[in-house]
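# Examination of the molecular architecture
In case you want the letters, here they are:
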Amino acid sequence: MENIHELNFLKEKIQELKNDGVYRKLPILEGANESEVILNGKKVVNLSSNNYLGFANHPRLKQAAIEAVQKYGVGAGAVRTIIGNMDIHEDMEKLLAEFKREEAVMVFQSGFNCNAGTIQAVTEKGDLIISDELNHASIIDGARLSRADKTVFKHADMNHLEEVLKEKRDNYRNILIITDGVFSMDGDIAPLPDIVKLAEKYRAMTYVDDAHGSGVLGESGRGTVDHFGLHGRVDFTIGTLSKAIGVIGGYVAGSETMRDWLSHRGRPLLFSTSLPPAAVGPIMEAVRLLMSTTEYTDRLWDNAKYFKEKISNLGYNIGKSQTPITPVIIGEESKTMEFSKKLFDNGVFVSGIVFPTVPKGTGRVRCMVTAAHSKEQLDRAVEVFKKVGEEMKVI
Ligand SMILES: *Cc1c(COP(=O)(O)O)cnc(C)c1O
């Protein structure tokens with residue numbers, strides 16, 4: 001008899017991954033997430049993190065974490081609706097609302113959690129969710145948890161979005177249009193002013209997941225809505241506290257009504273313990289830093305422009321990114337993975353991204369430049385791109 005505990009059905013699936021050449025082990029980082037790291041035992045320039053502003057190991061944030069732990073302990077001890085809603089959670093939300101120039105903010109334990117909890121809480125049977133086809137996995141999963149009907153529009157295609165709205169508007173009570181603010185694989189910005197105009201024309205609500213816009217776009221990193229000056233016209237703006245802010249968590253910015261409702265029906269708030277003080281302290285410190293200076297976002301954009309220009313001058317195709325996300329498009333899947341491996345062997349870590357995460361034949365290494373990189377590190381990375389690109393005859 002087969003032993004059920006052998007999990008043979010999973011072993012078979014794992015073997016399939018190996019046959020397809022997509023099996024991998026998790027890379028191991030020794031030490032903090034910095035611009036140069038020891039990864040799998042090798043010293044490399046890190047061009048793969050979402051730590052846009054270098055906050056993940058910032059001394060002021062670390063100090064804020066220590067102070068919060070000393071006063072509040074290591075855990076919140078309960079969900080927010082029982083006794084896990086500390087005064088620092090409320091203070092953090094007020095500060096974030098001020099930063100985002102919105103009425104109110106509700107914080108969740110992660111960006112993923114935020115989408116999983118919010119989309120289902122603000123839609124129901126009889127509603128329609130219209131989602132950009134390239135939206136993030138957590139939006140797709142979040143929409144699956146909703147009892148509303150779902151449909152997609154072609155990426156950033158306003159004619160298609162309007163077609164869908166025109167055809168479906170009268171069949172539904174509420175319509176929620178969902179888009180990423182910045183698309184993580186290509187670095188392009190959603191055409192938000194046009195989306196908002198269409199939404200208002202067809203009486204639909206808008207929901208922007210600004211995980212890659214937060215801390216990057218807008219005044220001192222206030223995000224895509226601020227970048228376009230659309231305050232008060234996007235109903236739900238999601239931000240993450242895990243990328244540019246450098247810690248962990250996610251939030252919705254919008255109206256007081258939104259916050260009030262989510263405090264009753266945002267399931268991750270009701271059934272999962274709130275953020276620990278060690279996260280809340282540094283999140284607030286990060287926001288205070290951003291409100292006091294544009295130094296970090298300025299350096300991020302300066303580094304991004306510097307790197308993009310040099311990579312582009314080497315003859316690489318860097319796509320249509322409008323943000324620090326810099327895809328270097330190689331094309332064929334196995335060639336992309338080989339390219340990434342050769343970069344690593346030469347001291348630069350950029351993970352390869354291939355089908356099914358991006359369309360077939362558009363394999364790429366996605367470079368994430370941060371404020372923490374020195375020009376010398378970026379120069380070194382560019383040299384490696386030149387060497388490997390010439391060796392592999394891709395430039
Ligand atoms: C990273 C990301 C998330 C998840 O955020 P976490 O805080 O890491 O859970 C959600 N949406 C988008 C668009 C993202 O890029």
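See the structure above.
Computed from a predicted structure; not experimentally measured.

### A closer look at empty space enclosed by the protein
Considering all chains together, one arrives at two cavities of 30 Å³ or more under this definition. Taken as a whole, the largest cavity spans an internal volume of roughly 50 Å³. In this structure, the largest cavity is lined by Asn33, Glu34, Ser35, Asn46, Ser49, Asn51, Gly54, Thr370, Ala372 and His373. Residue composition of the lining of the largest cavity, by class: one nonpolar, eight polar and one charged. Quantified by volume, the second largest cavity comes out at close to 40 Å³. As for the second largest cavity, its lining consists of Arg80, His89, Val107, Phe108, Gln109, Leu269, Thr273, Ser274 and Leu275. When the residues that make up the lining of the second largest cavity are grouped by side-chain class, the tally is four nonpolar, four polar and one charged.

### A few points about the pattern of salt bridges
Working definition: two side chains of opposite charge can pair if their charged atoms are close together. Considering all chains together, one arrives at 25 salt bridges under this definition. One salt bridge connects Asp186 with Arg364, and the closest N-O pair in it is separated by 2.7 Å. One end of the pair, Asp186, is in the loop between strand E7 (175-180) and helix H7 (192-201); the other, Arg364, is in strand E14 (residues 363-368), and 178 residues separate them in sequence. By relative accessible area, which is 3% here, Arg364 ends up buried. In this structure, a network of salt bridges that share partners links the residues Glu36, Lys43, Glu376 and Arg380.

### Some thoughts on the side chain of Ser131
Looking at where Ser131 falls in the secondary structure, it is placed in strand E5 (residues 128-132). Of the residues examined, Ser131 reaches a relative accessible area of 11% and is grouped as buried. Among the polar contacts made by the side chain of Ser131, one reaches the side chain of Asn135 at a distance of 2.8 Å. What Ser131 contacts, discounting residues up to four positions off in sequence, is Ile139, Thr151, Val152, Phe153 and Ile178.

### Describing the site of the ligand
Near the ligand there are 14 residues, and of these Gly111, Asp209, Thr240, Ser242 and Lys243 occur at the shortest range. Phe112 is positioned such that a nitrogen or oxygen atom in its backbone is 2.9 Å from an oxygen atom of the ligand. Between Lys243 and the ligand, the recorded distance is 2.6 Å, taken from a side-chain N or O atom to an oxygen atom. If the ligand stood free it would expose 380 Å²; the protein chains cover 86% of that surface. Of the pockets mapped on this structure, the ligand occupies the largest pocket. Ranked by the residues each element gives to the shell around the ligand, the list is headed by helix H4 (residues 111-122), at three residues. For the shell around the ligand, the residue count by class is two nonpolar, nine polar and three charged.

Cut-offs and rules
Residues numbered from 1 in each chain as written. Predicted model: local features only at pLDDT ≥ 70, side-chain atom pairs only at ≥ 80, totals over all residues. Heavy atoms only, no water. 1 Å grid on protein atoms, 1.4 Å probe; cavity = no way out; pocket = protein on both sides within 12 Å on 5 of 7 lines; lining within 4 Å. Points joined across faces, edges and corners; volume = space filled by probe spheres on them. Nonpolar A, V, L, I, M, F, W, Y, C, P; charged D, E, K, R; others polar. Salt bridge = Lys/Arg side-chain N within 4 Å of Asp/Glu carboxyl O. Helix = DSSP H or I, 4+ residues; strand = E, 2+ residues; numbered from the N terminus. Buried < 20%, exposed > 50% of the residue type's maximum accessible area, 1.4 Å probe, protein only. Polar contact = N/O pair within 3.5 Å; in protein donor to acceptor, adjacent residues only side chain to side chain. Contact = heavy atoms within 4.5 Å. Near = heavy atom within 4 Å. Areas by Shrake-Rupley, 256 points an atom, 1.4 Å probe, with all protein chains shown as cover. Sits in = over half its atoms within 2 Å of the grid points.

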